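# Summary of structural features
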Amino acid sequence: MAVNIVLLGPPGAGKGTQAKRLEQLYGMVQLSTGDMLRAAVAAETQVGLRAKAVMDAGNLVDDEILIAMIADRLEQPDAKRGAIFDGFPRTVPQAEALDRLLAHRGSRLHQVIEMRVDDDALVARIAGRFTCKSCGAGFHDAFKPTKQAGICDACGGREFIRRADDNAATVKKRLTEYYAKTAPILPYYRARGALKTVNGMADMDAVTTAIAEILGPPPAESTH
Ligand code: AMP
């Protein structure tokens, strides 16, 4: 059966890193609305043109745009394997819409995992992060530098990307948005017993282990 989970947490909590690991372990597909929006900005689609300034300022893009984006994405065949929602929902209306969208497909949300991290750590984590332009592998100046300077460990690529919104001023605004608009989702899920919290301050492997303990053993056929 397809399992759908949400990773909740402030920017820099490690949602993207863990979503990629869970994708490998469990076989569901990572649905990162931040990645989808950045792709739309790069392709200069209508959505991308509307979203760019909002994202650069660290604000949230309109619910209506995000909900339509996720609805379309859930239509694609790979989403039938189940999804790891990374960066969605970010508001209560988005959470309600996700319930409706999944119910409409005869499915539901199985688990919501909150990754809790201290604010001070978030700014340091975000400020130094960068990804390989070719394969998307994630690195960090202080916590996870490339083994050889300027060369991606995973694919040997030599070009890297730093997100435009990963600067100190925008990070502060993104955190404010998180506490004002996204944190209110926590009681929404807690009320129905779907919420579990993990310590996002632990090292990456320990966080993966903690999440795997919540989700249970991965199906044998999707473990690689
Ligand atoms: P992320 O990569 O998840 O940190 O998202 C980067 C930016 O994209 C956010 O700061 C928002 O501007 C926008 N964004 C991503 N997901 C959402 C969402 N579910 N709702 C509103 N805005 C979003």
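Just so we're clear, the structure is a prediction, and the values are computed from it rather than from any experiment.

Here the focus is the sheet that holds strand E4 (residues 111-116). Ordered by their spatial adjacency, 5 strands build an open sheet running E2-E3-E1-E4-E8, and the pairing between neighbours is parallel. Whereas interior strands pair on both sides, the edge strands pair on one side only; in this sheet they are strand E2 (29-32) and strand E8 (195-199). If you compare each strand with its neighbour and ignore which way they point, the axes differ by 25 degrees on average. Both E2 and strand E3 (residues 83-86) contribute to a ladder of 4 bridges, which runs parallel. The partner of glutamine 30 across the bridge, within E3, is isoleucine 84. Along the sheet, helix H4 (residues 63-75) makes contact with E2 and E3, crossing E2 at roughly 160 degrees.

What follows covers H4. Every α-helix winds through 3.6 residues per turn, so residues three or four apart in the chain are directed the same way. Between its first and last C-alpha atoms H4 spans 19 Å; for 13 residues at 1.5 Å apiece the expected length is 18 Å, and the two agree. Turning to H4, its buried residues number three or more, namely Ile65, Leu66, Met69, Ile70, Ala71, Arg73 and Leu74.

What follows deals with the sheet that holds strand E5 (residues 129-132). Pairing in this open sheet of 3 strands is antiparallel, and the strands run E6-E5-E7 from one edge to the other. Of all the strands in the sheet, just strand E6 (138-140) and strand E7 (160-161) have a single pairing partner and so form its edges. Of the pairings in the sheet, the one linking E5 to E7 comprises 2 bridges and is antiparallel in character. Following the sheet pairing, threonine 131 is matched in E7 by isoleucine 161.

Counted by the stated rule, this structure contains 6 aromatic pairs. Judged by centre distance (5.4 Å) and plane angle (85 degrees), the rings of phenylalanine 130 and phenylalanine 160 are edge-to-face. Here phenylalanine 130, found in strand E5, pairs with phenylalanine 160, found in strand E7; they are 30 residues apart in sequence, far enough to count as distant. Overall, phenylalanine 130 belongs to the buried group, its relative accessible area being 11%. In this structure, lysine 144 is placed above the aromatic ring of phenylalanine 139, and the distance from its NZ or CZ to the ring centre is 5.5 Å.

Once that is clear, we can look at the environment of methionine 55. One can find methionine 55 in helix H3 (residues 46-56). For methionine 55, a relative accessible area of 11% puts it in the buried group. Taking the C-alpha atoms as reference points, methionine 55 and arginine 174, 119 residues apart in sequence, are found 9.1 Å from one another. Among all residues touching methionine 55, those that are not within four sequence positions of it are Gly34, Leu37, Arg38, Val41, Val61, Asp165 and Thr170.

Mapped onto the elements of the fold, glutamine 18 is located in helix H1 (residues 15-26). For glutamine 18, the side chain forms a polar contact with the side chain of threonine 208, separated by 2.6 Å. Setting aside residues up to four positions removed in sequence, glutamine 18 forms contacts with Leu7, Met115, Met204, Val207, Thr208 and Ile211.

Under the defined criterion, the tally for this structure stands at 1 cavity of 30 Å³ or more. Counted as a void, the largest cavity has a volume near 60 Å³. Taken together, Leu7, Leu8, Gly9, Pro10, Pro11, Lys15, Gly87, Phe88, Pro89, Arg90, Tyr178 and Thr182 make up the full set of residues lining the largest cavity. When contributions to the lining of the largest cavity are tallied by element, the ones reaching two or more residues are strand E1 (5-8) and helix H7 (168-182). A breakdown of the residues in the lining of the largest cavity according to their chemical character gives 7 nonpolar, 3 polar and 2 charged.

Reading the values: rules and limits
- Residues numbered from 1 in each chain as written.
- Predicted model: local features only at pLDDT ≥ 70, side-chain atom pairs only at ≥ 80, totals over all residues.
- Heavy atoms only, no water.
- Pairing = 2+ DSSP bridges.
- Helix = DSSP H or I, 4+ residues; strand = E, 2+ residues; numbered from the N terminus.
- Axes fitted to C-alpha atoms, helices over the stretch in contact; angles between N-to-C directions.
- Contact = heavy atoms within 4.5 Å.
- Expected span 1.5 Å × (residues − 1).
- Buried < 20%, exposed > 50% of the residue type's maximum accessible area, 1.4 Å probe, protein only.
- Phe/Tyr/Trp six-rings, centres within 6.5 Å; stacked < 30°, edge-to-face > 60°.
- Lys NZ or Arg CZ within 6 Å of the ring centre and 35° of its normal.
- Polar contact = N/O pair within 3.5 Å; in protein donor to acceptor, adjacent residues only side chain to side chain.
- 1 Å grid on protein atoms, 1.4 Å probe; cavity = no way out; pocket = protein on both sides within 12 Å on 5 of 7 lines; lining within 4 Å.
- Points joined across faces, edges and corners; volume = space filled by probe spheres on them.
- Nonpolar A, V, L, I, M, F, W, Y, C, P; charged D, E, K, R; others polar.

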